[in-house]
Amino acid sequence: MVETPPPVQLLAPDGVRVAHPTYDDAVARLTPDHLRAMYGDMVLARRFDTEATALQRQGELALFAPALGQEAAQIGSAHALAPQDMVFPSYREHGVLHTRGIDPLDVLSLFRGIDYGAWDPRASGVHLYTLVIGSHTLHATGYAMGVARDGAVGTGDPARDTAVIAYFGDGATSQGDTNESLVFAAVNDAPIVFFCQNNGWAISEPTSKQSRVPLADRGLGFGIPTVRVDGNDVLACWAVTREALNRARSGGGPTFVEAVTYRMGAHTTSDDPTRYRTSEEEESWRRRDPIDRLRAYLEATGELPEAYLASVEAEAEALGARLRQGVRAMAAPDPASMFDHVYATSHAGVARERQEYLASTATGSDR
Amino acid sequence: MVETPPPVQLLAPDGVRVAHPTYDDAVARLTPDHLRAMYGDMVLARRFDTEATALQRQGELALFAPALGQEAAQIGSAHALAPQDMVFPSYREHGVLHTRGIDPLDVLSLFRGIDYGAWDPRASGVHLYTLVIGSHTLHATGYAMGVARDGAVGTGDPARDTAVIAYFGDGATSQGDTNESLVFAAVNDAPIVFFCQNNGWAISEPTSKQSRVPLADRGLGFGIPTVRVDGNDVLACWAVTREALNRARSGGGPTFVEAVTYRMGAHTTSDDPTRYRTSEEEESWRRRDPIDRLRAYLEATGELPEAYLASVEAEAEALGARLRQGVRAMAAPDPASMFDHVYATSHAGVARERQEYLASTATGSDR
Amino acid sequence: MTMTQTRPSGAAQANGAARAGDDGLTTLTMAKAINLGLRAALAADPLVLLMGEDIGALGGVFRVTDGLAAEFGTDRVVDTPLAESGIVGTAIGLAMRGYRPVCEIQFDGFVFPAFDQITTQLAKMHYRTRGKLSLPVVIRIPFGGGIGAVEHHSESPEVLFAHTAGLRVVSPASPADAFTMIQEAIASPDPVIFFEPKGRYWEKGQVDLGRPYATPSGGLDRARVVRRGTDATVVAYGPTVHTALKAADAAAAEGRSLEVIDLRSISPLDTDTVAESVRRTGRCVVVHEAPVAFGTGGEIAARITEACFYHLQAPVLRVGGFATPYPIARLEHEYLPSVDRVLDAVDRAVGF
Amino acid sequence: MTMTQTRPSGAAQANGAARAGDDGLTTLTMAKAINLGLRAALAADPLVLLMGEDIGALGGVFRVTDGLAAEFGTDRVVDTPLAESGIVGTAIGLAMRGYRPVCEIQFDGFVFPAFDQITTQLAKMHYRTRGKLSLPVVIRIPFGGGIGAVEHHSESPEVLFAHTAGLRVVSPASPADAFTMIQEAIASPDPVIFFEPKGRYWEKGQVDLGRPYATPSGGLDRARVVRRGTDATVVAYGPTVHTALKAADAAAAEGRSLEVIDLRSISPLDTDTVAESVRRTGRCVVVHEAPVAFGTGGEIAARITEACFYHLQAPVLRVGGFATPYPIARLEHEYLPSVDRVLDAVDRAVGF
Ligand SMILES: Cc1ncc(C[n+]2csc(CCOP(=O)(O)OP(=O)(O)O)c2C)c(N)n1
Ligand SMILES: Cc1ncc(C[n+]2csc(CCOP(=O)(O)OP(=O)(O)O)c2C)c(N)n1
Ligand SMILES: [Mg+2]
Ligand SMILES: [Mg+2]
């Protein structure tokens with residue numbers, strides 16, 4: 001059997017820096033500003049979660065899927081991306097989207113049921129959320145094969161060399177598609193990072209229902225180099241992802257990353273975790289909170305001045321206000337838009353039904 | 001990356017016995033009779049191939065998929081089975097079926113296009129051939145889960161403890177289903193042996209189109225113990241499979257076996273391998289012929305008397321005659337049988353169409 | 001992504017103890033009726049086995065299997081890995097070994113990864129073994145819309161299975177039928193695709209819990225006239241039976257008499273019951289949530305037109321989803337067949 | 001398992017050099033016509049990419065891609081791993097990156113592992129991105145029976161795709177159409193499921209190779225009246241057009257005049273062309289190889305009955321496969337719609 005090494009950790013849960021021969025050099029080059037940017041992004045990502053959850057409770061959203069607890073995995077990995085890189089998220093990567101500059105109101109349009117997530121995949125470098133578990137790992141792999149075809153790897157030009165990252169959960173590793181994506185990525189040396197956020201649960205099922213061995217082993221079975229990382233350690237997530245992305249960009253092919261983290265909240269606002277897990281477990285993970293960890297480190301190194309904290313807090317407040325207002329102000333969609341964009345060119349079947357629909361609403365029903 | 005050990009080999013290509021710490025004990029217990037039985041089965045399996053190929057050329061079969069060159073992998077593994085074990089073959093396991101006592105004419109009914117392979121899966125302990133690549137690996141896993149549920153593993157009673165074996169090719173390892181079967185088998189500790197005959201080709205695609213690393217690594221990624229075995233060495237295939245089946249029967253869970261062999265013939269009688277591979281490659285494998293290898297060993301140990309060889313030859317002749325006669329004598333199917341067994345209980349849609357069909361054939365068309 | 005669609009009150013009711021009234025009937029939600037049907041099957045036959053995602057401790061995202069893992073053990077109510085092809089594929093293997101697996105697909109839109117196993121394997125096994133093997137596998141699929149869900153959670157793919165020979169495709173429309181039909185489906189030696197109208201999970205009806213665990217496919221393939229009428233026949237199944245009945249109420253208020261048929265079974269189609277009705281009424285409207293284009297309504301229309309050509313005063317009309325993907329939740333009520341759209345179709349049929 | 005279905009002579013013809021006659025037309029098999037259409041697309045647009053199992057060195061099990069890997073390189077004619085979901089899923093990703101992938105599914109029966117990617121992803125992407133992304137992916141599927149094949153090699157699953165909004169579903173019936181339509185399909189910004197009637201691969205017809213690489217969906221969605229007639233309209237597509245034409249010949253000998261329509265496109269359906277015809281003839285028979293039950297014929301019948309109610313002298317009748325799995329090869333000719341079965345249906349329509 002495979003000997004899985006322990007997860008890469010650069011910050012202990014109490015915020016103390018742990019040395020690591022492979023990654024110390026990279027971390028040394030991180031400026032305090034950069035570290036604070038990660039901290040701020042984690043705080044904002046969490047605020048987004050809190051606000052969206054509240055908005056759901058108030059009936060403004062039909063549903064919400066919180067990323068609470070996964071901030072380090074998401075913000076750390078996303079901070080390693082270059083502008084030209086392409087992200088294929090699952091449906092819980094709000095922190096990644098935030099880091100990529102996507103309007104959080106676009107994300108909430110999905111949960112309000114008025115759009116599918118309205119951001120532009122090309123402009124933002126982030127594909128729309130995919131709700132069918134695992135399907136998007138193949139899209140990411142195909143896109144990465146296209147990147148390689150375009151000659152956008154291994155040129156040595158950091159503005160040109162491109163990588164792809166696919167986010168998915170522990171549950172997703174059981175799907176055929178996810179495994180096929182490993183097959184295609186491996187034989188095509190595709191410039192892709194498979195970033196598995198093992199948050200301990202697939203709705204009510206613990207990871208042990210998907211695998212008896214660490215998920216990191218999975219990559220190895222396909223000949224894909226693998227790293228296991230402490231998913232609540234934002235430094236480690238950044239460093240490990242950076243290395244994997246660099247390998248991809250330089251033509252070194254795919255990497256499989258397992259980030260060991262925890263879904264601190266419910267699966268979605270419709271879920272009730274008390275039915276399947278203990279509060280002790282939740283509590284033990286609360287003590288490994290990713291934000292607290294970086295905060296402790298920055299405080300210990302004296303890099304978290306009051307003024308900065310205040311500005312982050314203000315930014316978070318502004319975000320909250322913007323979300324509360326923005327969601328309520330979202331325009332109701334035009335019913336006839338239902339018939340738009342089924343095809344890029346005209347289709348007689350859709351055209352006829354649209355016409356019939358418009359006729360029926362124009363004349364109005366007599367009932 | 002994984003360090004794949006070299007394939008287990010107990011007989012060198014020239015028939016010289018190679019020592020192996022793990023398997024020597026088991027092999028020592030093989031009697032000359034048993035070795036000869038394996039030899040005879042390989043010869044008969046090859047004769048079946050030759051005859052069926054000839055029958056296809058004569059137009060008696062619509063198609064045939066030869067197993068030429070894979071006799072050791074099939075006969076060796078099948079000789080390790082207990083009567084109560086269950087086999088899930090792909091579509092090329094004629095040697096396995098022969099060893100299990102299935103009437104070879106049943107197999108040819110499929111290739112003649114008059115049946116789906118007429119043997120009884122329950123009575124024979126062999127499921128029908130599955131033509132959709134990979135699908136049956138899940139059936140095998142589910143069946144094995146059922147075996148465990150029935151308490152038919154780990155009782156210590158050799159007549160009761162049961163294992164399942166699933167045969168599939170190198171190409172099949174890329175299918176989602178095959179990988180999902182590894183997931184389900186692993187988490188359920190299912191008593192199953194995944195027996196991958198890596199015969200070098202999936203129709204025209206070499207194994208390198210499916211994986212950059214040995215297929216044996218695949219099992220490890222799912223936490224399943226793996227063995228790589230020389231697939232042209234019948235002793236090694238027997239010993240390795242026996243060990244894996246024993247593990248399964250005793251409650252030790254699944255094993256993944258990669259048998260490295262070669263498809264010496266065409267994919268099917270419709271295929272033309274000259275379009276995609278060299279005769280040098282074919283020639284180099286001909287020198288590793290599995291039957292020659294065991295024959296050399298038995299001759300060297302003086303265990304292959306003329307009389308035995310003559311009796312095998314006579315048996316092969318009889319098989320050939322039986323096939324030639326039997327295939328030609330196969331009754332044409334009754335057209336109305338097309339409507340039988342769509343459902344186990346009556347279905348109005350089928351009943352109506354059957355009736356209409358019978359009415360139209362009864363009155364006869366006036367054309 | 002998945003929503004656990006429990007309206008707080010509904011969930012409470014679904015979990016409420018079932019107690020029969022004086023007439024032997026108990027008022028239950030459809031979710032609870034299915035729950036009790038599954039429970040009866042588990043209790044009656046040790047070979048019955050539930051498998052799916054989150055059906056154990058959680059009791060399923062709709063709580064349809066609530067309490068069953070606690071009662072029968074996680075060995076009989078099995079949380080599987082997250083892989084639908086694996087669920088159906090291993091269920092086939094379990095059925096070959098003698099078990100009667102009941103698979104839950106969490107939502108309609110997630111059945112497609114299992115589509116190959118269902119169409120090429122499950123549906124054909126009895127046929128290709130010439131009857132030597134039967135696969136008594138039930139696949140439960142909560143289907144249809146109207147619950148305000150996100151993408152892939154409101155699909156109606158029933159025609160894809162009805163077109164595939166070897167499968168039975170059924171859908172209950174009431175708690176009473178749900179309780180009986182799930183047991184009949186489990187008892188059936190044939191594979192059954194069991195479509196549960198999730199938008200009706202929390203509607204209540206009276207159920208006779210005294211009916212024993214069913215014998216093979218008693219009435220699983222029979223349509224039922226659920227309301228008598230004379231002016232037109234409205235054919236529906238699953239979630240739209242309710243809509244059709246409401247339309248019939250509204251029509252009655254306008255002096256028009258609609259006959260409503262609950263198909264219950266889509267494959268086989270009970271065309272006799274429909275044809276008998278249409279011969280009386282002369283008009284037929286088919287209502288389903290799935291897109292009209294190439295949907296089940298086409299088959300019904302073609303078949304009924306053949307059977308009732310000289311009785312039809314108007315073509316069979318169809319009301320259903322449009323030829324678009326299922327729309328965003330905020331627009332689903334424009335997409336789903338409504339009472340108004342049914343009545344408009346009846347008007348068109350009458351005025352043809 | 002797969003058969004490489006080359007009849008020796010047919011293969012030789014398919015590989016024969018194409019040389020135009022004096023009229024600018026070249027006689028080609030359909031397999032060769034598709035081959036040359038693919039070749040034209042590869043030559044015209046560097047973003048066009050073929051991917052599938054065994055399409056490179058082997059040239060595909062039907063030799064439809066014969067010579068293309070040699071001419072354009074194995075980078076543009078790509079042998080993929082053996083995984084259909086992976087083929088379609090990575091094609092989607094490649095299309096997102098700007099490529100125009102043309103996937104080959106080796107046989108109809110092997111498209112189901114890719115069904116999820118096709119229905120939940122490929123079909124919906126343009127819609128859910130509100131038009132921001134188009135996925136110009138073509139999925140070529142050799143379909144239908146009549147070639148004496150083993151299980152899963154003779155299926156006609158077209159209705160499953162036609163029911164799914166967002167896909168175009170087409171099928172050529174002649175070499176000329178095959179040459180043009182494959183190019184139009186590749187040029188289309190929409191995903192196209194391209195069903196190739198494999199039983200007609202080796203039939204020959206005249207092709208105008210001078211027609212340039214197509215502009216988006218010129219006539220990809222138009223039906224064509226391929227034979228004029230007055231007594232009944234026979235609607236067919238793909239492999240059954242040939243059958244319909246032979247039936248029309250036979251009917252003509254008996255003094256009956258059949259109009260034959262080649263639908264060419266199944267989604268969208270060109271109902272105008274069919275309705276115009278049926279209004280003239282008053283009778284309609286639909287012929288396809290797929291099972292009649294819940295097949296495309298139901299949609300056509302329902303739609304045409306609606307459009308032509310007062311013109312129809314008889315119900316629209318359907319001729320097709322039975323509600324059974326595709327049978328063993330030795331019986332397939334009892335299952336497939338034959339000239340006789342078409343004529344019987346016409347008789348029934350006329351005598352209704
Ligand atoms: C194909 C498919 N099956 C089932 C579901 C329902 N579902 C949504 S999320 C989920 C669990 C996913 O777990 P994991 O992959 O670990 O991601 P997480 O939610 O923990 O981020 C399930 C079963 C789905 N969306 N898609
Ligand atoms: C799902 C599916 N896709 C494609 C095919 C067509 N096909 C039949 S055999 C084959 C190659 C199989 O290769 P491998 O698994 O190595 O088995 P082998 O034929 O070498 O024994 C292919 C592509 C199929 N039968 N099923
Ligand atoms: Mg998870
Ligand atoms: Mg092979």
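How each quantity is defined
- Residues numbered from 1 in each chain as written.
- Chains lettered and ligands numbered in written order.
- Predicted model: local features only at pLDDT ≥ 70, side-chain atom pairs only at ≥ 80, totals over all residues.
- Heavy atoms only, no water.
- Pairing = 2+ DSSP bridges.
- Helix = DSSP H or I, 4+ residues; strand = E, 2+ residues; numbered from the N terminus.
- Axes fitted to C-alpha atoms, helices over the stretch in contact; angles between N-to-C directions.
- Donors = N, O, S within 2.8 Å, 3.2 Å for Na, K, Ca; no water.
- Buried < 20%, exposed > 50% of the residue type's maximum accessible area, 1.4 Å probe, protein only.
- Contact = heavy atoms within 4.5 Å.
- Buried area = accessible area lost by both parts, 1.4 Å probe.
- Salt bridge = Lys/Arg side-chain N within 4 Å of Asp/Glu carboxyl O.
- Polar contact = N/O pair within 3.5 Å; in protein donor to acceptor, adjacent residues only side chain to side chain.
- UniProt positions renumbered as here; feature names shortened; annotations may be inferred.
- Least-squares fit on C-alpha atoms with pLDDT ≥ 70 in both.
- Nonpolar A, V, L, I, M, F, W, Y, C, P; charged D, E, K, R; others polar.
- Domains from an automatic or database assignment.
- Core = buried A, V, L, I, M, F, W, Y, C linked by side-chain atoms within 4.5 Å.

Colleague: Just to check I follow, could you spell out the sheet that holds strand β14 (residues 317-321) of chain C for this structure?
Modeller: What links the strands of a sheet is backbone hydrogen bonding, and the strands pair in either a parallel or an antiparallel sense. Residue and element names in this part refer to chain C. With respect to topology, 5 strands assemble into an open sheet ordered β9-β11-β10-β13-β14, the strand pairing being mixed. Edge positions in the sheet fall to β9 (224-227) and β14, since each of these pairs with one other strand and no more. Between one strand and the next, the sheet's axes are offset by a mean angle of 25 degrees, whatever the strand orientation. Bridge analysis of strand β10 (residues 232-236) against strand β11 (residues 258-262) gives 5 bridges, and the strand direction is parallel. The residue of β11 that forms the bridge with Thr233 is Glu259.

Colleague: I keep staring at the coordination of the magnesium ion (ligand 4) and nothing clicks. Help me out?
Modeller: Residue and element names in this part refer to chain B. Every protein donor of the magnesium ion (ligand 4) is accounted for by Asp170 (OD), Asn199 (OD1) and Trp201 (O), and the metal-donor separations fall at 2.0 to 2.1 Å. Here the donor residues for the magnesium ion (ligand 4) map to a single chain with the spacing D-x28-N-x1-W. By the burial criterion, Asn199 is buried, and Trp201 matches it.

Colleague: Can you help me understand the coordination of the magnesium ion (ligand 3) in this one?
Modeller: Ideal values for angles at a metal depend on the geometry: 109.5 degrees with four tetrahedral donors, 90 or 180 degrees with six octahedral donors. All names here are of chain A. Protein coordination at the magnesium ion (ligand 3) comes from Asp170 (OD), Asn199 (OD1) and Trp201 (O), with a distance range of 2.0 to 2.1 Å. Each donor residue of the magnesium ion (ligand 3) lies on the same chain, and together they follow the pattern D-x28-N-x1-W. A residue is classified by how much of its surface remains accessible, and Asn199, at 5% relative accessible area, is buried. Relative accessible area serves as the criterion here: at 8%, Trp201 is assigned to the buried category.

Colleague: Help me out: how do you make sense of the interface of chain C and chain D in this one?
Modeller: Interfaces are frequently sized by the accessible area removed from exposure as the parts join. Taken together, the 53 residues of chain C in the interface contact 54 residues of chain D. Together chain C and chain D conceal approximately 4400 Å² of surface at their shared face, both sides included; 65% is due to carbon and sulfur atoms. On the chain C side of the interface with chain D, the three residues burying the most area are His163, Phe294 and Phe309 of chain C, jointly 19% of the side's total. A salt bridge links Glu155 of chain D to Lys124 of chain C, with the nearest nitrogen and oxygen atoms 3.4 Å apart. Inspection of the region where chain C meets chain D yields 14 residue pairs in polar contact (both at pLDDT 80 or more).

Colleague: How should the UniProt feature "domain: Transketolase-like pyrimidine-binding" (unreviewed entry) in chain C be read in this particular structure?
Modeller: UniProt tags residues 28-203 of chain C as "domain: Transketolase-like pyrimidine-binding" (unreviewed entry). Between the end C-alpha atoms of residues 28-203 of chain C there is a gap of 8 Å, over a span that is 36% helix and 17% strand.

Colleague: It is not clear to me how the relation of the copies chain A and chain B should be interpreted in this structure. Could you clarify?
Modeller: These two copies of the chain differ by a rotation about an axis and a displacement along the same axis. Least-squares fitting of chain A to chain B yields an RMSD of 0.0 Å, with the transformation described by 0.0 Å of translation along the axis and a rotation of 180 degrees. Such a turn and shift between the copies fits a two-fold axis. A high fraction, 100%, of the interface residues of chain A reappear at the interface in chain B, so the copies pair face to face through one surface.

Colleague: Just to check I follow, could you spell out the pattern of salt bridges for this structure?
Modeller: Note on pairing: side chains with opposite charge can pair once their charged atoms come close. Residues and elements named next belong to chain C. As enumerated under the stated definition, the model contains 88 salt bridges over all chains in all. Put simply, Arg140 and Glu196 hold a salt bridge, and the shortest N to O gap is 2.5 Å. Here Arg140 is found in strand β5 (residues 138-143), whereas its partner Glu196 is found in strand β7 (residues 192-197), with 56 residues between them in sequence. The class for Glu196 is buried, based on a relative accessible area of 0%. A salt bridge links Arg280 to Glu276, with the shortest nitrogen-to-oxygen separation between them at 3.0 Å. Highlighted residues: Arg280 and Glu276, both in helix α10 (residues 271-281), separated by 4 residues, approximately one helical turn. Residue classification places Arg280 among the partly exposed positions, given a relative accessible area of 38%.

Colleague: What am I meant to see in the interface of chain A and chain B here?
Modeller: Taken together, the 26 residues of chain A in the interface contact 26 residues of chain B. Carbon and sulfur atoms make up 60% of the surface buried where chain A meets chain B, a total of about 2000 Å² over both sides. The largest contributions to the chain A side of the interface with chain B come from Met1, Val187 and Arg212 of chain A, which together make up 27% of the buried area. On the surface where chain A and chain B come into contact, there are 2 salt bridges. Note that Asp189 of chain A and Arg212 of chain B form a salt bridge whose closest N and O atoms lie 3.2 Å from each other. For the side of chain A that touches chain B, the elements supplying multiple residues, two or more each, are α8 (176-188) and α9 (216-221) of chain A. In terms of residues, the side of chain A that touches chain B owes the most to one element, α8 of chain A, which gives 7 residues. Its residues assigned to classes, the side of chain A that touches chain B shows 10 nonpolar, 10 polar and 6 charged.

Colleague: Got a minute to help me understand the domain arrangement of chain C in this structure?
Modeller: Residue and element names in this part refer to chain C. Under the domain assignment, chain C is made up of domain 1 (3-215) and domain 2 (224-350). Regarding the contact of domain 1 and domain 2, the summed buried area is about 1800 Å², with carbon and sulfur atoms giving 52% of it. Of all residues in domain 1, the largest losses of buried area upon contact with domain 2 belong to Glu158, Asp177 and Arg200, amounting jointly to 23% of the total for that side. Viewed at the interface, domain 2 and domain 1 are joined by 2 salt bridges. Note that Arg224 and Asp177 form a salt bridge whose closest N and O atoms lie 3.1 Å from each other. Contributions of two or more residues to the side of domain 1 that touches domain 2 are made by α7 (158-162), β6 (168-170) and α8 (175-187).

Colleague: Explanation requested: the nonpolar core in the structure shown.
Modeller: Note on soluble globular proteins: their nonpolar side chains tend to be buried together. Within the largest apolar cluster, 453 residues are counted, with the highest numbers of intra-cluster contacts made by Leu108 of chain A together with Leu108 of chain B. When neighbours within four sequence positions are excluded, Leu108 of chain B is seen to be in contact with Phe48, Ala52, Leu55, Leu61, Phe64, Leu323, Val327 and Met330 of chain B. Counting residues in each nonpolar core, the second largest holds 21 residues, with Val241, Ala251, Val260 and Ala349 of chain C among its members.

Colleague: Can you help me understand the environment of Leu317 of chain C in this one?
Modeller: Its place among the elements puts Leu317 of chain C in strand β14. Using a relative accessible area of 1% as the deciding quantity, one classes Leu317 of chain C as buried. Taking the C-alpha atoms as reference points, Leu317 of chain C and Val287 of chain C, 30 residues apart in sequence, are found 8.7 Å from one another. In contact with Leu317 of chain C, not counting residues within four places along its chain, are Cys284, Val285, Val286, Ala345, Arg348 and Ala349 of chain C together with Glu306 of chain D.

Colleague: Would you mind showing me how to read the relation of the copies chain C and chain D here?
Modeller: In the superposition of chain C on chain D (RMSD 0.0 Å, axial shift 0.0 Å), the rotation amounts to 180 degrees. Most of the interface of chain C is mirrored in chain D, where 100% of its interface residues are also at the interface.

Colleague: It is not clear to me how the side chain of Lys198 of chain D should be interpreted in this structure. Could you clarify?
Modeller: Residue and element names in this part refer to chain D. By secondary structure assignment, the location of Lys198 is in the loop between β7 (192-197) and β8 (204-208). Judged by relative accessible area, Lys198 falls into the buried class, the value being 2%. Within the structure, Lys198 has its side chain in polar contact with the backbone oxygen of His153 (distance 2.6 Å). Among residues more than four places away in sequence, those in contact with Lys198 are Phe62, Phe107, Asp108, Pro142, Phe143, Gly144, Ile147, His153 and Ser154.

Colleague: Is there a simple way to explain unusual backbone geometry in this structure?
Modeller: A negative phi angle is the norm for most residues apart from glycine, just as the trans form is the norm for most peptide bonds. In the segment running from Ser267 of chain C into Pro268 of chain C, the intervening peptide bond is cis, with an omega of 0 degrees. Here Pro268 of chain C is to be found in the loop between β12 (265-267) and α10. Non-glycine residue Asp189 of chain A carries a positive phi angle of around 50 degrees. Looking at where Asp189 of chain A falls in the secondary structure, it is placed in the loop between α8 and β3 (192-198). Exposure remark for Asp189 of chain A: the relative accessible area of 37% places this residue in the partly exposed category. Of note, Asp54 of chain D is a non-glycine position whose phi angle comes to about 65 degrees, a positive value. Positionally, Asp54 of chain D belongs in the loop between β2 (48-52) and α3 (68-72). The class for Asp54 of chain D is buried, based on a relative accessible area of 3%.

Colleague: In this structure, what is going on with the pairing of β3 of chain A? I would like to understand it.
Modeller: Residues and elements named next belong to chain A. The element β3 is extensively covered by neighbouring structure, given that 7 of its 7 residues are classed as buried. Residue alternation in β3 divides its side chains into two sets, Ile192, Phe194, Cys196 and Asn198 and Val193, Phe195 and Gln197, and both sets are buried. Both strand β2 (residues 164-169) and β3 contribute to a ladder of 6 bridges, which runs parallel. Note that in β3 the partner of Val164 across the bridge is Ile192. Two elements, β3 and strand β7 (residues 255-260), share 6 bridges in a ladder whose sense is parallel. From the neighbouring strand, Val193 faces β7, where its bridge partner is Thr255.

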